[in-house]
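# Coordinate analysis (summary)
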Amino acid sequence: MVALALLVSGCASFPEVRQADWTEQPRLQPQGGPPPGGGGGSGGGGGQQQRPNTPVPPPDGCKDFDPAVVATCLDQVAAIAVLPDGQSALAAERVSGRIFKVQPGQAPVEFARIPVDGATGGGLTGLALSPSYVEDGLVFAYITTGADNRVVRIAKGDGPKPVLTGIPRGPRNNGGALAKDRTGALLVATGNAGNGNSANDPASLAGKVLRITTSGKPAEGNPTASSAVIANGLTSPGGICSTSDHRSTWVTDRTDKQDVVYKLAMGKPLGTPAWTWPDRPGVAGCAAYTDRLSVALTAGAGMFNLALSNTGAFTGRPETTLKGVYGQLGGVDLAPDGNSWVGTLNKAGGKPVSSDDRVFVLPPQGGGGGGND
């Protein structure tokens, strides 16, 4: 019960929310970067030389003049894990299974390459650092193989080692997401593998939120000691994220009828969504501030922001930023300084420019409340 309180304190019930009518906010324009020919590396200057209202030249091959862009010419960045220094990150390509270390002013450096099957919506879709990453350098990934979906452990220069295997694989909805809770347990969001009944089947790991140790065992404090399952009812999750105080944990999901975000209450079905998108803009990764939830959109090609009250309920009007600026957005992770690191998915049916796919850094929009601890 102690771990339950640490993970989702205040989450015994879903918040009272109402989707009021709203109008889309003005488009956030990219901030100006260095003039053509200036700077170096494959990305920009990481936002250190921003000049608002100055037009950004179009990319020239893999060179991108937007100072927020830190990596270019990647392929479908489905997951990101910011490193402890807050100045670099690991970016995962969904289809190739490659993981790159990316940082401003330097070309991406390959960290690992994992054999994956990206043909049915899966591939490499989740990343999380070890709770003791500074000491052990380990990274966890959610992947699709030819036989199953699974969580694996990676050390630089070494092949993947299985952590949790046997998560059902099917003709679709194979993607998943990873995060950590305050205790260091891994939170794993799994798709239903194309079988809607499996999400409510207690014997199946599909369509669930799992909470496991770094060795793949059910974590201490789970509702059922022998089970990794802490919530059920997912279809095709895009991201899982917690506020820095860990009072609220959110899971985005793409159902057959609408896109949704759930507030996680451990040990209960996900139930009524906290927010819905009937137009299905393709919810992906998320960043949870103490005063705002930001959700990346693929087809919606922007960042959807929902203000949070101090009780964890949505308040005010939502705001869509970055509409069409970087195209389809995918993986997101929140840095300790409050910046969001975001990957694009424009090579997955979008409108890629020459420098796609990219990773860029987004400063807090309208507040923030701090990054991950």
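Residues numbered from 1 in each chain as written. Predicted model: local features only at pLDDT ≥ 70, side-chain atom pairs only at ≥ 80, totals over all residues. Heavy atoms only, no water.

An unreviewed UniProt entry annotates the chain as Glucose/arabinose dehydrogenase of Crossiella cryophila.

## Some thoughts on the overall build of the chain
Note the cut-off: Starting at the N terminus, helices and strands are each numbered in turn, a helix being any DSSP run of H or I of at least four residues and a strand any DSSP run of E of at least two. A simple rule labels every residue: compare its accessible area, found with a 1.4 Å probe on the protein chains alone, to the largest value its type can have, and call it buried under 20%, exposed over 50%, or partly exposed in between. Contacts are residue-level and defined by heavy atoms, with any inter-residue pair within 4.5 Å sufficient. Reported accessibility uses the Shrake-Rupley method at a 1.4 Å probe radius. Residues are deemed covered only where the shown protein chains occlude them.
Helix and strand content of the chain: 2 helices and 24 strands. Counting every position in the chain, which comprises 373 residues, the buried fraction comes to 55%. Nonlocal contacts in the chain, meaning residues at least 24 apart in sequence, comprise 52% of its contacts between residues at least 6 apart. Within the structure as shown, the chain displays about 14800 Å² of accessible surface, and the carbon and sulfur contribution to it stands at 50%.

## Details of the environment of Ile 212
Following the sequence through the fold, Ile 212 ends up in strand 12 (residues 208-212). What makes Ile 212 buried here is its relative accessible area of 0%. As for Ile 212 and Lys 180, which are separated by 32 residues in sequence, their C-alpha atoms are 9.6 Å apart. When sequence neighbours within four positions are dropped, the list of residues in contact with Ile 212 reads Val 163, Leu 164, Ala 185, Leu 186, Val 188, Lys 217, Ala 219 and Ala 228.

## Things to note about the packing of aromatic side chains
Just so we agree on the cut-off: Aromatic contacts are taken between Phe, Tyr and Trp rings whose centres are within 6.5 Å, Trp giving its six-membered ring; a plane angle under 30 degrees counts as stacked, one over 60 as edge-to-face, and the others as tilted.
Applying the stated rule across the entire model yields 5 aromatic pairs. When the centroid spacing of 5.9 Å and the interplanar angle of 85 degrees are considered together, the rings of Trp 275 and Phe 314 count as edge-to-face. Taken as a pair, Trp 275 in strand 17 (residues 275-277) and Phe 314 in strand 21 (residues 314-321) lie far apart in primary sequence, 39 residues in all. The pair formed by Trp 275 and Phe 314 is uniform in burial state, with each residue classed as buried. With 5.2 Å between their ring centres and 75 degrees between their planes, Trp 277 and Phe 304 make a pair best called edge-to-face. Here Phe 304 lies in strand 20 (residues 302-308) and Trp 277 lies in strand 17, a separation of 27 residues in the sequence. Assessed through its relative accessible area of 4%, Trp 277 is described here as buried. Cluster of aromatic residues (ring-pair linked, three or more members): Trp 250, Trp 275, Trp 277, Phe 304 and Phe 314.

## A word on the side chain of Asp 357
To be explicit about the condition: Here the positive residues are Lys and Arg and the negative ones are Asp and Glu; neither His nor the chain ends is included. A side-chain nitrogen of Lys or Arg and a carboxyl oxygen of Asp or Glu constitute a salt bridge if their distance falls within 4 Å. Under this definition, polar contacts are N or O atom pairs within 3.5 Å; protein pairs additionally need one hydrogen-donor-capable and one acceptor-capable atom, and for neighbouring residues in sequence, both atoms have to be side-chain atoms.
Mapped onto the elements of the fold, Asp 357 is located in the loop between strand 23 (340-344) and strand 24 (359-362). For the buried Asp 357, no salt bridge is present, and the opposite-charge side chain at shortest range is Lys 347, 5.5 Å distant. Among the polar contacts listed, one links the side chain of Asp 357 to the backbone nitrogen of Lys 347, at a separation of 3.1 Å.

## Examining the state of the cysteines
Note the cut-off: In what follows, a disulfide is any cysteine sulfur pair within 2.5 Å.
Applying the stated criterion across every chain yields a total of 2 disulfides. A sulfur-sulfur distance of 1.9 Å marks the disulfide that ties Cys 62 to Cys 73. As the torsion about the S-S bond is roughly -105 degrees, the Cys 62-Cys 73 disulfide counts as left-handed. With Cys 62 in the loop between helix 1 (2-8) and strand 1 (69-71) and Cys 73 in the loop between strand 1 and strand 2 (77-82), this residue pair connects regions lying 11 residues apart in the sequence. Of the residues examined, Cys 62 reaches a relative accessible area of 39% and is grouped as partly exposed. The class of Cys 73 is partly exposed, set by a relative accessible area of 30%. The partner cysteine of Cys 241 in its disulfide is Cys 286, sulfur to sulfur 2.2 Å. Disulfide Cys 241-Cys 286: the torsion about the S-S bond is -125 degrees, which places it as left-handed. Here Cys 286 lies in strand 18 (residues 283-288) and Cys 241 lies in strand 14 (residues 237-242), a separation of 45 residues in the sequence. Take Cys 241: its relative accessible area is 6%, and that puts it in the buried class. The class of Cys 286 is buried, set by a relative accessible area of 5%.

## Considerations on the sheet that holds strand 13 (residues 229-232)
As a reminder of what qualifies: When DSSP finds two or more bridges between a pair of strands, those strands are recorded as paired. To obtain each axis, a line is fitted to C-alpha atoms, and for helices this fit is confined to the stretch in contact; angles are then taken between N-to-C directions over 0 to 180 degrees.
Overall, antiparallel pairing links the 4 strands, which are arranged 10-11-12-13 in an open sheet. Across the chains shown, the open sheet's two edge strands, defined by having one partner strand only, are strand 10 (176-180) and strand 13. If you compare each strand with its neighbour and ignore which way they point, the axes differ by 15 degrees on average. Pairing between strand 12 and strand 13: 3 bridges, direction antiparallel. Within the sheet, the bridge partner assigned to Leu 210 lies in strand 13 and is Val 229.

## Some details on the pattern of salt bridges
Counting across every chain of the model gives 9 salt bridges. Its salt-bridge partner being Glu 110, residue Arg 113 comes within 2.9 Å of it at the nearest N-O pair. In this structure, Arg 211 engages Asp 181 in a salt bridge whose closest nitrogen and oxygen atoms are separated by 2.7 Å. With Arg 211 in strand 12 and Asp 181 in the loop between strand 10 and strand 11 (186-190), this pair connects stretches of sequence that are 30 residues apart. The burial state of Arg 211 is the same as that of Asp 181; both residues are buried. One salt-bridge network, in which partners are shared between bridges, spans Asp 64, Asp 356 and Arg 358.

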